[in-house]
Amino acid sequence: QVQLVESGGGSVQAGDSLRLSCAASARTFSTMGWFRQAPGKEREFVACITWNGASTYSTDSMKGRFTISRDNSKNTVYLEMNSLKPEDTAVYYCAANRNPLVGVIITPGDYDYWGQGTQVTVSS
């Protein structure tokens, strides 16, 4: 069982930046991703990265603003968020798949491990 712990959330102004971190309790040689969930909305895919960082994917609305990266020596995945908007307000979750052979995956049900989430609030 892999434990995931997110950190780095907070309350910021529109246009500010935040860097979220997700520390895993063990090495995850598999795809990891970030999702977010705003009040009253379904969990939404943000970005994912394959085990060696060779492939990343994010939704069109976040490309150019959000960047996912990982440092396997630290068992940590990051989400750099720039030019934040009020509509980015949500709880951000880190997730990991346990299959080392998978590539890009964007469906929440395809992830096996989840963190508790970190709140990001962006005010105008």
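A brief structural summary. Only a predicted model underlies this, so the values are computations on that prediction, with no experimental measurement involved. (Residues numbered from 1 in each chain as written. Predicted model: local features only at pLDDT ≥ 70, side-chain atom pairs only at ≥ 80, totals over all residues. Heavy atoms only, no water.)

Moving on, we get to the state of the cysteines. Within the structure shown, the criterion is met by 1 disulfide. Shown here is the disulfide that connects C22 with C94, its sulfur atoms set 2.0 Å apart. Of note, the bridge from C22 to C94 carries an S-S torsion of about -75° and is left-handed in sense. With C22 in strand β3 (residues 18–24) and C94 in strand β9 (residues 90–96), the pair connects residues that are 72 residues apart, well separated along the chain. The burial state of C22 is the same as that of C94; both residues are buried. C48 carries a free sulfur, and the closest cysteine sulfur to it, the one in C94, is 12 Å from it. C48 sits in the buried class, given a relative accessible area of 0%. (Disulfide = S-S within 2.5 Å. Helix = DSSP H or I, 4+ residues; strand = E, 2+ residues; numbered from the N terminus. Buried < 20%, exposed > 50% of the residue type's maximum accessible area, 1.4 Å probe, protein only.)

Formed by 27 residues in total, the largest nonpolar core has its most connected members in L4, W34, V46, F66, L79, M81 and Y92. Taken together, the elements giving at least two residues each to this core come down to β3, β4 (32–37), β5 (44–49), β7 (66–71), β8 (76–81), β9 and β11 (118–123). Excluding its chain neighbours within four sequence positions, the residues that come into contact with M81 are D16, S17, L18, L20, R65, F66, Y92 and V120. Listed in part, the 6 residues of the second largest apolar core include F45, A95, I105 and Y111. (Core = buried A, V, L, I, M, F, W, Y, C linked by side-chain atoms within 4.5 Å. Contact = heavy atoms within 4.5 Å.)

Looking at the element boundaries, G15 is found in the loop between β2 (10–13) and β3. Residue contacts for G15: discarding those within four places in its chain leaves S83 and L84.

This part takes up the side chain of E6. The residue E6 is located in strand β1 (residues 4–7) in this model. Within the buried core, E6 has no salt-bridge partner, and the shortest N-O distance to an opposite charge, that of R43, equals 7.6 Å. A polar contact of 2.8 Å, which involves the side chain of E6, links it to the backbone nitrogen of C94. Engagement of the side chain of E6 in a polar contact is seen with the backbone nitrogen of G117, the distance being 2.9 Å. (Lys, Arg positive; Asp, Glu negative; His and termini not counted. Salt bridge = Lys/Arg side-chain N within 4 Å of Asp/Glu carboxyl O. Polar contact = N/O pair within 3.5 Å; in protein donor to acceptor, adjacent residues only side chain to side chain.)

So, about the sheet that holds β3. One open sheet accounts for 4 strands, arranged β1-β3-β8-β7; its pairing is antiparallel. Lying at the two open borders of the sheet, with one neighbouring strand each, are β1 and β7. For this sheet, the mean inter-axis angle between neighbouring strands, taken without regard to orientation, is 15°. With 6 bridges connecting them, β7 and β8 associate as antiparallel partners. (Pairing = 2+ DSSP bridges. Axes fitted to C-alpha atoms, helices over the stretch in contact; angles between N-to-C directions.)

Let's shift gears to the pattern of salt bridges. Applying the stated rule across the entire model yields 6 salt bridges. Where R36 meets E44, a salt bridge forms, and the shortest distance between an N and an O atom there is 2.8 Å. Residues joined in a network through salt bridges with shared partners are R36, E44, R65 and D88.

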